[in-house]
Every structure is written in structure tokens, then in C-alpha cells.
Amino acid sequence: MFKYIIIALITLELVLLSGLVRVPANATIRDSEIFTWDYASISNSQVVCKKVKFHPTNKTLPESSDMEAVKINSQIVNDNYCSDLSKPV
């Protein structure tokens, strides 16, 4: 009987230690980021280089939708980031 108690305690110790040592997976989603030529604002005709970030959100969409809800942020950056893209006229 004493032998089974010792084995159970050792097993419990191993289970607890393995649970504490194991590092959980970091399931982070990186934001998608693109650079593009775009107008500075809606009423402005100046074309600038913009960095556009797409960040997934937890908003619920209808089940029939195959799209994912995202938050879009754009920021004007240096023209060098868009140098390999053809600039619209």
C-alpha cells in the first residue's frame, strides 16, 4: 500500500512539473502590412506613399460570410518605401 502511495506522489510531481515547465505556444497574429501609392486624403489630389496595416478583429460576421473582420490603419511614409511600385499619374 505504501509503495502505491509513493508511486502516485511521484507521478503527481512529474505531471505538475511538466505542466509548469512547458511553455505555451504564443499564438499571435502579425498584422499584414503593405505599401502603396494613394491620395493623401479624400479631397486631396496629391499622391503619396502610404503604409497600410490590416489588423484582425474579433467582430462576429454572418456565418455565410467567408471574410474576416479587420481594422485598417494607414499612414503616410517616405516615398522610398514605394520606390519599386509604379506611381499613378
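For the structure itself, consult the block above.
Residues numbered from 1 in each chain as written. Predicted model: local features only at pLDDT ≥ 70, side-chain atom pairs only at ≥ 80, totals over all residues. Heavy atoms only, no water.

Caption draft 1: Representation of the side chain of Lys50. Mapped onto the fold, Lys50 is located in strand β2 (residues 47-56). A polar atom in the side chain of Lys50 sits 3.1 Å from the backbone oxygen of Tyr39. When residues no more than four places from it in sequence are discounted, the contact partners of Lys50 are Ile34, Phe35, Thr36, Asp38, Tyr39, Ala40, Ser74, Gln75, Ile76, Val77 and Cys82. (Helix = DSSP H or I, 4+ residues; strand = E, 2+ residues; numbered from the N terminus. Polar contact = N/O pair within 3.5 Å; in protein donor to acceptor, adjacent residues only side chain to side chain. Contact = heavy atoms within 4.5 Å.)

Caption draft 2: Expanded view of the pairing of β2. The sheet contact formed by strand β1 (residues 32-39) and β2 spans eight bridges and is antiparallel. Residue pairing across strands places Ile34 opposite Val52, the latter belonging to β2. As judged from the seven bridges shared by β2 and strand β3 (residues 70-76), these two strands associate in the antiparallel manner. For His55, the partnering residue across the bridge sits in β3 and is Lys71. (Pairing = 2+ DSSP bridges.)

Caption draft 3: Broad picture of the sheet that holds β1. A sheet is described by the order of its strands in space; here three strands give the open sequence β1-β2-β3, paired in antiparallel fashion. At either margin of the open sheet sits one strand with a lone partner, and together these are β1 and β3. Averaged over all pairs of adjacent strands, the angle between their axes in this sheet comes to 30°, without regard to strand direction. (Axes fitted to C-alpha atoms, helices over the stretch in contact; angles between N-to-C directions.)

Caption draft 4: The state of the cysteines, seen in detail. For the structure on display, the rule yields one disulfide. The disulfide that involves Cys49 links it to Cys82, with 2.0 Å between the sulfurs. Handedness of the Cys49-Cys82 disulfide follows from its S-S torsion of about 70°: it is right-handed. One end of the pair, Cys49, is in strand β2; the other, Cys82, is in the segment after β3, with 33 residues separating them in the sequence. You'll find Cys49 and Cys82 in the same group, each marked buried. (Disulfide = S-S within 2.5 Å. Buried < 20%, exposed > 50% of the residue type's maximum accessible area, 1.4 Å probe, protein only.)

Caption draft 5: Expanded view of the packing of aromatic side chains. This structure, assessed with the given rule, holds one aromatic pair. Aromatic side chains Phe35 and Tyr81 sit 4.9 Å apart centroid to centroid with 10° between the ring planes, which places their arrangement in the stacked category. Separated by 46 residues along the polypeptide, Phe35 in strand β1 and Tyr81 in the segment after β3 bring together distant segments of the chain. Of the residues examined, Tyr81 reaches a relative accessible area of 48% and is grouped as partly exposed. (Phe/Tyr/Trp six-rings, centres within 6.5 Å; stacked < 30°, edge-to-face > 60°.)

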